[in-house]
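# Chains, contacts and geometry: an overview
As a plain string of letters, each chain reads:
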Amino acid sequence: MEYALTLENVTKEYKDFKLDHINIYLPKGCIMGFIGENGAGKSTTIKLIMDLVNRDEGKITILGKDNKKELNSIKENIGVVMDELCFPENLNIKEINTVMKKVYKTWNEDKFYHFIQRFSLSKDKSIKEYSRGMKMKLSIAVALSHDSKILILDEATSGLDPIVREEILDIFLEFIQDESNSIFVSSHIISDLEKICDYITFIHKGKIVFSESKDDLLDKYGILKCTEEEFPNINSSAVKGVRKNKFGMEALVLKDEIEGNYVIDKADIEDIMIFYIKEQMI
């Protein structure tokens, strides 16, 4: 299998946090969602991918190239959208176009203005007059207007209203129609990722809990409901998280390992993440 992005045993240690030998493999032509609670290591991982901070151990490749030694050779092929706009706020669209033409050899002015029109962004207003949603749309327009083969997105839909988020998700799905393109997207909005992602990677306290096909995850896990008296009879190795409510017990379980006649509801990706985190806290 050909990978658009790989992280192998990547480690970064700070005084009070350690990203601990993480492994991530994003197949080419796919979208991977990157989830985890605040402080889990998502932003640190993205900074390491973009070589904005130095890793202590491990190897990272983007489009088959080492991200330290060969990043300049593939910068035309990487579209990056961070949770904050990286342009001076006194610039307008025309001025950003002029700057980007000097930054990227493959800058496509026609494509850029196509997205500006599609996103209904004013060409004359300065960026400081834009809403957060407009700024995110501008960042995405820039990321898609050169020869991007992979998008690296950090909270690109955070804080946006549902209509704008849906519009942006549609753009991502259009981008991925070209099977040579790939997306790595970090987000707190798990429902967005569940709509578009092929793979989900979950990081918790600096360690990868799982990195799997979304469909496999949704097929594998379920929410088992039972009374407190019944719970001790459940196969403990199948239970990945548990919580008590006024009606009894709910547990995140591996469905194939459960024996007996129990009610097992579907689990979505957010359920899986929350149950795992709660189990770690017990």
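Residues numbered from 1 in each chain as written. Predicted model: local features only at pLDDT ≥ 70, side-chain atom pairs only at ≥ 80, totals over all residues. Heavy atoms only, no water.

Per an unreviewed UniProt entry, the protein chain carries the name ABC transporter ATP-binding protein and comes from Defluviitalea saccharophila.

### Topic: a negative patch on the surface
A cluster of acidic residues, D198, D215, D216, D219, D256 and E257, forms a negative patch on the protein surface. Summarising the element assignment, D198 is placed in the loop between α7 (190-196) and β9 (199-204). On the basis of relative accessible area, D198 is assigned to the partly exposed category, the value being 33%. (Patch = residues over 30% accessible without salt bridge, like charges linked within 9 Å, V, L, I, M, F, W, Y side chains within 5 Å. Areas by Shrake-Rupley, 256 points an atom, 1.4 Å probe, with all protein chains shown as cover. Salt bridge = Lys/Arg side-chain N within 4 Å of Asp/Glu carboxyl O. Lys, Arg positive; Asp, Glu negative; His and termini not counted. Charge placed at Lys NZ, Arg CZ, Asp CG, Glu CD. Helix = DSSP H or I, 4+ residues; strand = E, 2+ residues; numbered from the N terminus. Buried < 20%, exposed > 50% of the residue type's maximum accessible area, 1.4 Å probe, protein only.)

### Some remarks on the environment of K47
Position of K47 relative to the elements: it lies in helix α1 (residues 42-49). The class of K47 is partly exposed, set by a relative accessible area of 39%. A C-alpha to C-alpha distance of 12 Å links K47 and K68, two positions 21 residues apart in sequence. With residues up to four places along the chain from it excluded, the contact list for K47 reads L52 and V53. (Contact = heavy atoms within 4.5 Å.)

### Overview of the pattern of salt bridges
For the structure shown, the criterion picks out 18 salt bridges. Salt bridges linked by common partners bring K225, R243, E250 and D265 together as one network.

### A word on the sheet that holds strand β4 (residues 57-62)
Strand order across the open sheet formed by four strands is β2-β1-β4-β5, with antiparallel pairing between neighbours. The open sheet is flanked by β2 (18-27) and β5 (65-66), the only strands paired with a single partner. In this structure, β4 lies alongside β5, joined through two bridges in antiparallel fashion. For I62, the partnering residue across the bridge sits in β5 and is K65. Each of β1 (3-13), β2 and β4 touches α1; the most contacted strand, β1, lies at about 115° to it. (Pairing = 2+ DSSP bridges. Axes fitted to C-alpha atoms, helices over the stretch in contact; angles between N-to-C directions.)

### Looking at the packing of helix α3 (residues 93-103) against helix α4 (residues 109-118)
At a minimum axis distance of 11 Å, the contact between α3 and α4 shows a crossing angle of 150°. Overall, the two elements α3 and α4 adopt an arrangement that is roughly antiparallel. Two packed elements cross with a definite hand, and for α3 against α4 that hand is right-handed. On α4, the residues touching I93, K94, I96, N97 and K101 of α3 are E109, F112, Y113 and I116. (Parallel < 35°, antiparallel > 145°, perpendicular 65-115°, else oblique. Left-handed = near helix turned anticlockwise from the far one by under 90°.)

### A short note on the nonpolar core
Note that soluble globular proteins tend to have their nonpolar side chains buried in a common cluster. Grouped together as the largest cluster of nonpolar side chains are 58 residues, with contacts concentrated most on I96, F112, L138, F172, I183 and I272. Excluding anything up to four places from it in sequence, I272 contacts F210, L217, Y221, L252 and A267. (Core = buried A, V, L, I, M, F, W, Y, C linked by side-chain atoms within 4.5 Å.)

### Remarks on the UniProt feature "domain: ABC transporter" (unreviewed entry) in the protein chain
The residues that UniProt annotates with the feature "domain: ABC transporter" (unreviewed entry) are residues 5-230. Each end of residues 5-230 is marked by a C-alpha atom, and these two atoms are 45 Å apart; helix forms 32% of the span and strand 29%. (UniProt positions renumbered as here; feature names shortened; annotations may be inferred.)

### Structural notes on the packing of α4 against helix α5 (residues 132-143)
Across the interface, α4 lies against α5 with an axial gap of 9 Å and an inter-helix angle of 155°. Viewed along their axes, α4 and α5 adopt a mutual orientation that is roughly antiparallel. For the crossing formed where α4 meets α5, the hand is right-handed. The residues of α5 that touch α4, namely those facing F112, F115 and I116, are L138, A141 and V142.

### Comments concerning the pairing of strand β10 (residues 207-213)
Alignment of β9 against β10, held across six bridges, turns out to be antiparallel. The residue bridging T201 from the neighbouring strand is S211, located in β10. Between β9 and β10, which pair antiparallel one after the other, the connecting turn spans two residues, and K205 there sits at a positive phi close to 50°.

### Quick word on helix α6 (residues 162-175)
The end-to-end C-alpha separation of α6 is 20 Å, in line with the 20 Å expected for 14 residues at 1.5 Å each. Taken together, the buried positions of α6 are V164, R165, I168, L169, I171, F172 and F175. Take α6 and look down its axis: the buried residues cluster within an arc of 155°, on one side only. The exposed set on the far side of α6, more than 90 degrees from its buried face, consists of P162 and I163. Structurally, α6 contributes buried residues whose contacts are with α4, α5, β7 (150-154), β8 (182-186) and α7. The backbone nitrogen of I163 has a side-chain oxygen 3.0 Å away, supplied by the residue at the start of α6, namely D161. (Expected span 1.5 Å × (residues − 1). Arc of directions from axis to C-beta. Polar contact = N/O pair within 3.5 Å; in protein donor to acceptor, adjacent residues only side chain to side chain.)

### Concerning α5
Between its first and last C-alpha, α5 extends 17 Å over 12 residues, near the 16 Å set by a 1.5 Å rise per residue. Inspection of α5 places G133, K135, M136, K137, L138, S139, I140, A141, V142 and A143 among the buried residues, and these make up the whole buried set. Those residues of α5 that are buried are in contact with β6 (78-81), α3, α4, β7 and α6.

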